[in-house]
Amino acid sequence: MIRYVCVLCICAAALTGIAAGGLYEPTVTATESTVTPAVLMPGDTGMITVTLKNTAQSSTATMSDTQITTQTDVNPTITSVFLDGRNEIDVLGGNSQFTGDLGPGQEVTLSFLIRAPEKAGIYFPVLRVRVRGAEGLTYPVPVNVNMPIATLSTATLVLTQEENGYVVPGETVRRNVTVTNSGRSAADDIRIRIADDNPFFGPLETGTFYLKSLAPGQSEVILVSLVTSRSLENSVQEIPLDISYAVVDGVPVTQRDSLTLDVHGHAELSIASVRTDPARIAGGESFEMTIRLENTGTDEAISTTANIDLPFEGTKEAFIGKIKPNNDAPAVFSLDGGTGGDYPYTLTVIWEDDWGVHTESFDLTLSVKTNDSTVAIAGFLIILILAAGGAYYFLVYRKKAGQA
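Residues numbered from 1 in each chain as written. Predicted model: local features only at pLDDT ≥ 70, side-chain atom pairs only at ≥ 80, totals over all residues. Heavy atoms only, no water.

Caption draft 1: Looking closely at the nonpolar core. By size, the foremost hydrophobic cluster in this structure holds 28 residues, and its most contacted members are Ile291, Ile308, Leu310, Leu347 and Leu366. By residue number, the principal contributor to this core is strand β28 (residues 341–353), which donates five residues. Aside from chain neighbours lying at most four places away, what touches Leu347 is Ile271, Ile291, Leu293, Ala306, Asn307, Ile308, Phe333, Glu360, Ser361, Phe362 and Leu364. (Core = buried A, V, L, I, M, F, W, Y, C linked by side-chain atoms within 4.5 Å. Buried < 20%, exposed > 50% of the residue type's maximum accessible area, 1.4 Å probe, protein only. Helix = DSSP H or I, 4+ residues; strand = E, 2+ residues; numbered from the N terminus. Contact = heavy atoms within 4.5 Å.)

Caption draft 2: A look at a nonpolar patch on the surface. A contiguous nonpolar surface patch, about 220 Å² in accessible area, is contributed by Met47, Leu92 and Leu113. Mapped onto the elements of the fold, Leu92 is located in strand β7 (residues 90–93). Using a relative accessible area of 40% as the deciding quantity, one classes Leu92 as partly exposed. (Patch = residues over 30% accessible without salt bridge, like charges linked within 9 Å, V, L, I, M, F, W, Y side chains within 5 Å. Areas by Shrake-Rupley, 256 points an atom, 1.4 Å probe, with all protein chains shown as cover. Salt bridge = Lys/Arg side-chain N within 4 Å of Asp/Glu carboxyl O.)

Caption draft 3: Looking closely at the environment of Thr290. Looking at the element boundaries, Thr290 is found in strand β24 (residues 286–295). Residue classification places Thr290 among the buried residues on the basis of a relative accessible area of 8%. When the C-alpha positions of Thr290 and Ala329 are compared, they lie 9.9 Å apart, and in sequence the two are 39 residues distant. In this structure, Thr290 is in contact with Ser273, Val274, Arg275, Pro330, Ala331 and Val332, ignoring residues within four places of it in sequence.

Caption draft 4: Representation of unusual backbone geometry within the structure. The amide bond that connects Thr36 to the next residue, Pro37, takes the cis arrangement and shows omega of -5 degrees. Locating Pro37 in the fold gives a position in the loop between β1 (28–36) and β2 (39–40). Of note in the backbone geometry, Arg86 takes a positive phi value of approximately 55 degrees without being a glycine. The residue Arg86 is located in the loop between β6 (77–84) and β7 in this model. Of note, the phi angle at Asn87 is positive, near 60 degrees, even though the residue is not glycine. Judged by relative accessible area, which is 85%, Asn87 ranks as exposed.

Caption draft 5: View of the sheet that holds strand β15 (residues 172–181). Pairing in this open sheet of four strands is antiparallel, and the strands run β14-β15-β19-β17 from one edge to the other. Bordering the open sheet on either side are β14 (157–161) and β17 (201–203), each of which pairs with just one other strand. The sheet shows a mean angle of 35 degrees between the axes of neighbouring strands, direction not considered. In the sheet, β14 pairs with β15 via five bridges, with the strands oriented antiparallel. Note that in β15 the partner of Gln161 across the bridge is Val177. (Pairing = 2+ DSSP bridges. Axes fitted to C-alpha atoms, helices over the stretch in contact; angles between N-to-C directions.)

Caption draft 6: Geometry of the pattern of salt bridges. One pass over the structure, following the stated rule, counts six salt bridges. For Asp84, the salt bridge identified is with Arg128, shortest N-O distance 3.2 Å. Residue Asp84 is found in strand β6, and its partner Arg128 is found in strand β11 (residues 126–131); the two are separated by 44 residues along the sequence. A single network of salt bridges, built from pairs that share partners, joins Arg193, Asp242 and Arg256.

Caption draft 7: Structural context of the environment of Asn54. Within the element layout of this structure, Asn54 appears in strand β3 (residues 45–54). The buried category is assigned to Asn54, whose relative accessible area is 0%. A C-alpha to C-alpha distance of 9.0 Å links Asn54 and Ala30, two positions 24 residues apart in sequence.

Caption draft 8: Quick look at the packing of aromatic side chains. One pass over the structure, following the stated rule, counts three aromatic pairs. For the pair Tyr166 and Trp355, a centre-to-centre distance of 5.4 Å together with 85 degrees between the ring planes defines the contact as edge-to-face. Here the residue Tyr166 occupies a position in the loop between β14 and β15, and Trp355 occupies one in the loop between β28 and β29 (356–369), the gap between them amounting to 189 residues. Assessed through its relative accessible area of 34%, Tyr166 is described here as partly exposed. (Phe/Tyr/Trp six-rings, centres within 6.5 Å; stacked < 30°, edge-to-face > 60°.)

This is the structure we're talking about:
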């Protein structure tokens, strides 16, 4: 009888031990690893970083005896962490830096200082993690020592713009921009955005452009339209563009490019005023004419000249030189007056700016007062006739009246 009781006690203890440990599963895993620098030179030192994580949200064990049942949280206990260089990589530091429990969802990042071997190649030191009561973790980490091995081929977007001459301040700019995928995999969900708020430029319709996808070697053209300020000075302006897209593994990529604009203003000349000295010109007298020319454009006018085709003798061509934007300058002509009348004439203005040589003509009329002696002679004759009539009245007519 005593023998049977002992056997039952041993079985109960064994079952309790199974219940306590059988439900527990190891949950420690390595989620990521990095080597810094990515490519080591022979004999150089570097750093391997590995993240260990308890991937279970809850680890529990149940214990029972004949009278009571309890359930408690059980966390995996790491007893040792060791990076094995396998007689190729020298591990200078970091081994045995962590022991202890990892709670559900918790992680720990470990770093190891290594020295590369003197021979180029790809090496695989092994991270060995021992977990109490569970199977240990073995995790190889690739280390590149001066080997030209590319990573995963990815997409690369290149922007090229259409050359379309100078940009005139105050006018609308339209540029065709070609987006090309020069990489070796597709680029998806492509967004191109004008990056900053430039007070001299603004998007005419939209500042953001979207392309669904570009296969390797594929190109697509977008039209960028901008309005410009008249306050822009001659310069090369760069409009930043923010580019974002997703590569084949779904990882988002961002890069920055720019749209380059060569700004050159345009000079425009008009007549501000026409003045003569004297103000009223009489036939036959000399006079001076001053025509003020105003630059209403966005660039300075240089080598400016003006000439008139009046049928008078004198100076009919004037050299003005430089006229800056929003300024004016005089063209002065000295002439000998002709006979009275209205004289239509043409003012021709020639100037240069960054766009080349320009010519503008203006049709004007000059009025010259008539200087004729006929009126004076007629007046003199009338006065003479009136005087003769008066003398006749007093000397002849009244004398005859008195004799009668």
